[in-house]
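What follows is each chain in one-letter form.
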Amino acid sequence: MVAGGENMYLPTHSSAQNDQGSIDSGTARLNELGYKQELKRDLSVLSNFAFSFAIISVITGITTLYNTGLKYGGPVSMTYGWLVASGFTMFVGLSMAEICSSYPTSGGLYYWSAKLAGSQWAPFASWITGWFNIVGQWAVTTSIDFSLAQLLQVIILLSTGGKNGGGYEASKYVVIAMHGGILLIHATLNSLPISVLSFFGQLAAAWNLLCVVLLTIIIPSVATERASAKFVFTHFNTDNGEGINNKLYIFVLGLLMSQYTLSGYDASAHMTEETKHADKNGPRGIISAVGISAIFGWLYILGVTFAVTNIPYLLDEDNDASGYAIAEVFYSVFKNRYGSGVGGILCLGLAAVAVFFCGMSSITSNSRMVYAFSRDGAMPLSSVWHRVNRQEVPINAVWLSASISFCMALTYLGSTVAFQAMVSIATIGLYIAYALPIFFRVTLARKSFVPGPFNLGRYSILVGWIAVTWVAIISILFSLPVAYPVTNETLNYTPVAVGGLLLLIVLTWTLSARHWFRGPKTNI
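Residues numbered from 1 in each chain as written. Predicted model: local features only at pLDDT ≥ 70, side-chain atom pairs only at ≥ 80, totals over all residues. Heavy atoms only, no water.

A. Spatial organisation of the overall build of the protein. Counting secondary structure elements, the protein contains 23 helices and zero strands. Its C-alpha atoms give the protein principal-axis dimensions of about 70 × 45 × 45 Å. Out of the 524 residues in the protein, the part that is buried amounts to 60%. Restricting the contact set of the protein to residue pairs at least 6 apart, pairs at least 24 apart contribute 81%. Summed over its atoms, the accessible surface of the protein is roughly 19300 Å², and 64% of this surface lies on carbon and sulfur atoms. Mean positive and mean negative side-chain charge positions of the protein (27 and 24 charges, respectively) differ by 8 Å. (Helix = DSSP H or I, 4+ residues; strand = E, 2+ residues; numbered from the N terminus. Buried < 20%, exposed > 50% of the residue type's maximum accessible area, 1.4 Å probe, protein only. Contact = heavy atoms within 4.5 Å. Areas by Shrake-Rupley, 256 points an atom, 1.4 Å probe, with all protein chains shown as cover. Lys, Arg positive; Asp, Glu negative; His and termini not counted. Charge placed at Lys NZ, Arg CZ, Asp CG, Glu CD.)

Right, here's the structure in full:
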């Protein structure tokens, strides 16, 4: 692998630098690709990393999906599943980073697909990748902010006495209202200049790191009864209550927690038009976000799991946290030691702030994708969504993203199953968008691809194929039934949701878009 220094530009990437003097290398490359510099380029490599790291947010994914890991396999599926998912996710991240170095634009994935698929396939490749990416991002934002609303509801429940002490349990309408309020705050924050968002992004990254360290130390230290190392590293929970007994099948389902958490790092690509020296710093943002998240996520899992001694009780909906496993862990360790669960509630508050920052950064990434996609005319009312205000912020794209995420969450009022199907697009849909440009890179563009300052050298094709294969595997695995016998209530609607999205994308292309959409279009 070759990570570029200042003098590692290839001839095709250097002309703009030479012709334009001291112009930023990211701006020079953007101009070469045919785009004007319209957004304010003010982000450092740290800020670029911070946005992806805040969206991955190991606190968010592990806290909200700890129930899934605990239920399907328990300690083994979480401890080792995290390592498996992290390893293969790094292959995906490395391949994306290499492509990002060559094409540092806000469009990210869909732009890459257009360039790598060749002129004949470029419009369709761009269309399908872009829509999977943008809908996947909206589903991610929906999931994050809805998870925060649910976490806040549990915090309120515990603060008012817990389920067994007459605590307040919010109705689904109250949870939706909280979700809407959170989105409103996030959209307002994202209407601020990028310099302010950069500060919040770095604060979010620091908060996530600090929270992981604190919670990893505090929770097992306060616990009056701790799990043994043997339990944490060897106990496999087969008592899932869903009629699934095959250990390999259970382990695979437990992987969902890890793979769901390790997503969203395409944010570094979407922020490249606002990042200094983006052809080098964009790739660094992607790789560092995945790598650091992998390390700190594993530590967080270990810290919490060492405080787990009774899995059935943590998953029991009649406990004080109403079955929210990680909240019950935090609450009970403090209550057992000090006679009060206030400390556990405060720890949940720390986690909630991390989830809040995660949702804020997700909207930032969403809006940049909307801005770029509409700049190329792919969206209805494109001229509206790609406008930037005086502070060089794509303000309309920000509020569109928040509004659509709220509408997606409304399915929860009608059916929990429908909501889960909607949210499933967050993992599978997004990873399909990740895999498509990588697939084009290792097939159609195998010989024509011109790498940027960061490249994988002779390992590029091998790493790319591993990444594509992993995405294909998880797309199948996460579409399998999660309970037996299969009924309307237990059916895994992921393939229905993702298949429906694919059908809609292809139909709109066939009936309309193929006549007018030509892929990314330059504005210089």
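Now, onward.
B. Local environment of the state of the cysteines. Within the structure shown, the criterion is met by zero disulfides. Cys-358 supplies the cysteine sulfur nearest to Cys-100, a cysteine that is in no disulfide, at a spacing of 20 Å. By relative accessible area, which is 0% here, Cys-100 ends up buried. (Disulfide = S-S within 2.5 Å.)

C. Molecular detail of the packing of aromatic side chains. Throughout the structure, instances matching the rule amount to 23 aromatic pairs. Ring centres of Phe-88 and Trp-470 lie 4.4 Å apart, and the angle between their planes is 10°; this geometry places the pair in the stacked category. In this pair, Phe-88 is assigned in helix H5 (residues 75-102) and Trp-470 in helix H22 (residues 460-477), connecting sequence segments 382 residues apart. One aromatic cluster is present, built from ring pairs that chain together Tyr-110, Phe-124, Trp-127, Trp-131, Phe-373, Trp-509, Trp-516 and Phe-517. (Phe/Tyr/Trp six-rings, centres within 6.5 Å; stacked < 30°, edge-to-face > 60°.)

D. Focus on the side chain of Ser-143. Topologically, Ser-143 is positioned in helix H7 (residues 122-159). Taking relative accessible area as the criterion, Ser-143 reaches 7% and is therefore assigned buried. Within the local environment of Ser-143, its side chain forms a polar contact with the side chain of Tyr-260, the two groups lying 2.5 Å apart. Residues within four places of Ser-143 in sequence aside, it is in contact with Tyr-260 and Val-423. (Polar contact = N/O pair within 3.5 Å; in protein donor to acceptor, adjacent residues only side chain to side chain.)

E. Main features of the pattern of salt bridges. Counted under the stated rule, the structure contains nine salt bridges. In this structure, Arg-41 engages Asp-24 in a salt bridge whose closest nitrogen and oxygen atoms are separated by 3.8 Å. One end of the pair, Arg-41, is in the loop between helix H2 (25-32) and helix H3 (45-56); the other, Asp-24, is in the loop between helix H1 (11-19) and H2, with 17 residues separating them in the sequence. Here the two residues Arg-41 and Asp-24 agree in accessibility, since each one is buried. In this structure, Glu-274 and Arg-368 form a salt bridge, with 3.0 Å as the shortest nitrogen-oxygen distance. Here the residue Glu-274 occupies a position in the loop between helix H12 (267-270) and helix H13 (278-305), and Arg-368 occupies one in helix H16 (residues 342-375), the gap between them amounting to 94 residues. Arg-368 carries the same exposure label as Glu-274, and that label is buried. (Salt bridge = Lys/Arg side-chain N within 4 Å of Asp/Glu carboxyl O.)

F. Layout of the nonpolar core. In terms of nonpolar packing, the biggest core is built from 155 residues, with Val-92, Trp-112 and Phe-330 touching the most fellow members. Per-element tally for this core: the top contributor is H7, with 18 residues. (Core = buried A, V, L, I, M, F, W, Y, C linked by side-chain atoms within 4.5 Å.)

G. Structural context of the side chain of Arg-368. Relative accessible area serves as the criterion here: at 0%, Arg-368 is assigned to the buried category. The residues touching Arg-368, leaving out its near neighbours within four places in the chain, are Ser-106, Ile-194, Leu-197, His-270, Met-271, Glu-274, Pro-394 and Val-398.

H. Spotlight on the packing of helix H4 (residues 58-71) against H13. Contact geometry of H4 with H13 gives a least axis separation of 10 Å together with a crossing angle of 35°. Crossing handedness for the pair H4 and H13: right-handed. Here Val-58, Ile-59, Ile-62, Thr-63 and Tyr-66 of H4 lie close against H13, whose contacting residues are Ser-293, Phe-296, Gly-297, Tyr-300, Ile-301, Val-304 and Thr-305. Residues of the contact of H4 with H13, tallied by class, amount to eight nonpolar, four polar and no charged. (Axes fitted to C-alpha atoms, helices over the stretch in contact; angles between N-to-C directions. Left-handed = near helix turned anticlockwise from the far one by under 90°. Nonpolar A, V, L, I, M, F, W, Y, C, P; charged D, E, K, R; others polar.)

I. Seen up close, helix H20 (residues 416-424). Along H20, the residues that are buried comprise Val-417, Phe-419, Ala-421, Val-423 and Ser-424. Buried residues along H20 sit in contact with H7, helix H18 (395-409), helix H19 (411-414), helix H21 (428-442) and helix H23 (494-511).

J. Focus on the packing of H3 against H13. Look at H3 against H13: their axes get within 8 Å of each other, and the N-to-C directions meet at 40°. It follows from the interaxial angle that H3 and H13 lie oblique. Between H3 and H13 the crossing geometry is right-handed. Of the residues in H13, those touching H3 at Val-45, Asn-48, Phe-49, Ser-52, Phe-53 and Ile-56 are Asn-281, Gly-282, Arg-284, Gly-285, Ser-288, Ala-289, Val-290, Ile-292 and Ser-293. Of the residues in the contact of H3 with H13, the class split is seven nonpolar, seven polar and one charged. (Parallel < 35°, antiparallel > 145°, perpendicular 65-115°, else oblique.)

K. Fine view of H16. Between its terminal C-alpha atoms H16 stretches 50 Å, which fits the 50 Å expected from 34 residues at 1.5 Å a residue. Counting buried residues along H16, 28 of its 34 residues qualify, which places the element largely inside the surrounding structure. Phi for Gly-377, located one or two positions after H16, is positive at around 80°. (Expected span 1.5 Å × (residues − 1).)

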